[in-house]
Amino acid sequence: MGLSSVLPATLASVPHCQQLSSWDCGLACVSMVLSALGQKHSLMDLRKECPLESVWTIDLAYILRRFSVEDFTYYTSYIGVNWQYSSKEFYRDTWTLDRRRVQSLFAAAHDNRVRVVGLTLALDDIRRFLLSTVYAVIMLVDLRLLRCRKCKSKSKWSWCRDSGESVVVGGNKMEESIPFRPGEGRSGVAARSSPSSPPSTSRSLFLTTFSCFAWCGQKSYAMLGASDDFIGHYIVLIGYDSDHDFFYYRDPGTESDLCMIEGDDLESARMNSGTDHDLVVVRVR
């Protein structure tokens, strides 16, 4: 069965926007939603709305209100800053700066007409929202567990030098080279490449790619080490195929205009420790 044969008849009309840096995937998702609502704001414009290169879901909710979006709800299993995450590598570097700022945003949410609901939204409820084609869902997931069926089918191999100089993914139409240097943190930038076969070097490490190849957090997905127990990444769900239990989404970390994931895989990626099951349901038409 070809992937094109299972596309649903209708998807929420949400255009794709690719992130510019390792930290602005959430802002790219907001840009997609604003575009669906007829508001054209560049990702650079939205980056000016964030005081730090550490973006929480509550930041995204405030930005939506700032741009006059009325019909949206932020669902989370933990209202405030979850202290259990203070030791996680993904949060640790900015924890001190984030803690007070994020707590104050939650405390002032009601006064700023930002609707926050302390609830883990069931996957069946997300299915219903998407089947209406009226809503899009900005969702925080663990990037390590995000397994796109389309990207998996295109990708043949991936490799990285153990010196950490580069990571390459090759496939039928998806060929990327992303430089990574230890110590650069969030400053890696994607560049184009056209490899026809894996480099012949004894220092190459071959990796199987099970998800869209993306930059997020502090390093490339393919460069994750054993100490990385969570890599946060935002995506926008825009459709659901009930016959095959496929969710369709935009991933700002890829050039692909449409990604798809099975329900069980999406549930694993969104329910993993570190996400607080965060999502923002936005009416887009």
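Procedures and definitions
Residues numbered from 1 in each chain as written. Predicted model: local features only at pLDDT ≥ 70, side-chain atom pairs only at ≥ 80, totals over all residues. Heavy atoms only, no water. Helix = DSSP H or I, 4+ residues; strand = E, 2+ residues; numbered from the N terminus. Buried < 20%, exposed > 50% of the residue type's maximum accessible area, 1.4 Å probe, protein only. Contact = heavy atoms within 4.5 Å. Areas by Shrake-Rupley, 256 points an atom, 1.4 Å probe, with all protein chains shown as cover. Phe/Tyr/Trp six-rings, centres within 6.5 Å; stacked < 30°, edge-to-face > 60°. Pairing = 2+ DSSP bridges. Axes fitted to C-alpha atoms, helices over the stretch in contact; angles between N-to-C directions. Arc of directions from axis to C-beta. 1 Å grid on protein atoms, 1.4 Å probe; cavity = no way out; pocket = protein on both sides within 12 Å on 5 of 7 lines; lining within 4 Å. Points joined across faces, edges and corners; volume = space filled by probe spheres on them. Nonpolar A, V, L, I, M, F, W, Y, C, P; charged D, E, K, R; others polar. Disulfide = S-S within 2.5 Å. Polar contact = N/O pair within 3.5 Å; in protein donor to acceptor, adjacent residues only side chain to side chain.

- Under an unreviewed UniProt entry, the protein chain has the name Guanylyl cyclase and belongs to Spizellomyces punctatus.

Considerations on the overall build of the protein chain
Link 1 in the chain: Helix and strand counts for the protein chain come out as eight helices and 14 strands.
Link 2 in the chain: Looking at the protein chain residue by residue over its 285 residues, the buried ones come to 55%.
Link 3 in the chain: In the protein chain, once contacts between residues fewer than 6 apart in sequence are set aside, the share between residues at least 24 apart is 69%.
Link 4 in the chain: Split by element, the accessible area of the protein chain, about 12,700 Å² in all, is 48% carbon and sulfur.

Observations regarding the packing of aromatic side chains
Link 1 in the chain: Counted according to the given criterion, the structure contains seven aromatic pairs.
Link 2 in the chain: Where Trp56 meets Tyr91, the ring centres are 5.5 Å apart and the plane angle is 50°; that geometry is what we call tilted. Separated by 35 residues along the polypeptide, Trp56 in the loop between helix 2 (43–47) and helix 3 (57–66) and Tyr91 in helix 4 (residues 89–92) bring together distant segments of the chain. Accessibility classification places Trp56 together with Tyr91 in one group, the buried group.
Link 3 in the chain: Look at Phe129 and Tyr135: their rings are 5.0 Å apart centre to centre, the planes differ by 75°, and that puts the pair in the edge-to-face class.

Points about unusual backbone geometry
Link 1 in the chain: Even without glycine at this site, Arg113 takes up a positive phi of about 60°.
Link 2 in the chain: For Arg113, the location among the structural elements is in the loop between helix 5 (95–107) and strand 2 (116–118).

Looking at the sheet that holds strand 3 (residues 135–142)
Link 1 in the chain: Taken together, the seven strands give an open sheet; going across it, the order is 2-1-14-3-11-12-13, and neighbouring strands pair in mixed fashion. A strand with exactly one partner marks an edge of an open sheet, and here the two such strands are strand 2 and strand 13 (259–262). Recorded for the sheet is a direction-independent mean angle of 30° between the axes of neighbouring strands.
Link 2 in the chain: Bridging between strand 12 (residues 246–250) and strand 13 involves four bridges; their strand directions are antiparallel. Across the sheet, the residue bridging to Phe246 is Glu262, located in strand 13.

Let's talk about helix 6 (residues 123–131)
The periodicity of an α-helix, 3.6 residues per turn, causes residues three or four places apart in sequence to face the same way.
Link 1 in the chain: Turning to helix 6, its buried residues are Leu123, Ile126, Arg127 and Leu130. Along the axis of helix 6, the buried positions cluster into a sector of 105°, meaning they face one direction only.
Link 2 in the chain: The elements touched by buried residues of helix 6 are strand 3, strand 11 (232–241), strand 12, helix 8 (263–271) and strand 14 (279–283).
Link 3 in the chain: With its phi angle positive at about 60°, Thr133 sits one or two positions after the end of helix 6.

Some thoughts on empty space enclosed by the protein
Link 1 in the chain: One pass over the full model with this rule turns up two cavities of 30 Å³ or more.
Link 2 in the chain: Here the largest cavity defines a volume of roughly 360 Å³.
Link 3 in the chain: Those elements that provide at least two residues to the lining of the largest cavity are helix 1 (25–36), helix 3, strand 1 (72–76), helix 4, helix 5 and strand 11.
Link 4 in the chain: Per-element accounting of the lining of the largest cavity gives the leading share, three residues, to strand 11.
Link 5 in the chain: Residue composition of the lining of the largest cavity, grouped by class: 15 nonpolar, twelve polar and five charged.

Description of the pairing of strand 3
Link 1 in the chain: By the criterion of burial, strand 3 is predominantly enclosed, with eight of the eight residues buried.
Link 2 in the chain: Covered by surrounding structure in strand 3 are Tyr135, Val137, Met139 and Val141 together with Ala136, Ile138, Leu140 and Asp142, the residues of both alternating faces.
Link 3 in the chain: Strand direction decides the pairing type here: strand 3 and strand 11, joined by six bridges, are antiparallel. The residue of strand 11 that forms the bridge with Val141 is His233.

Details of the state of the cysteines
Link 1 in the chain: For the structure on display, the rule yields zero disulfides.
Link 2 in the chain: Sulfur of Cys17: no disulfide; nearest cysteine sulfur belongs to Cys29 and is 8.5 Å away.

Structural notes on the pairing of strand 11
Link 1 in the chain: Of all ten residues in strand 11, ten are buried, a share of seventy percent or more.
Link 2 in the chain: Alignment of strand 11 against strand 12, held across five bridges, turns out to be antiparallel. Each residue of the ladder has a partner; that of Asp241, found in strand 12, is Phe246.
Link 3 in the chain: Between strand 11 and strand 12, which follow one another and run antiparallel, lie four residues, and Asp245 among them has a positive phi close to 55°.

Section: the environment of Thr94
Link 1 in the chain: Tracing the chain through its elements places Thr94 in the loop between helix 4 and helix 5.
Link 2 in the chain: Separated by 41 residues in sequence, Thr94 and Glu53 have C-alpha atoms that sit 9.1 Å apart.
Link 3 in the chain: Polar side-chain contacts of Thr94 include one of 2.8 Å to the side chain of Asp98.

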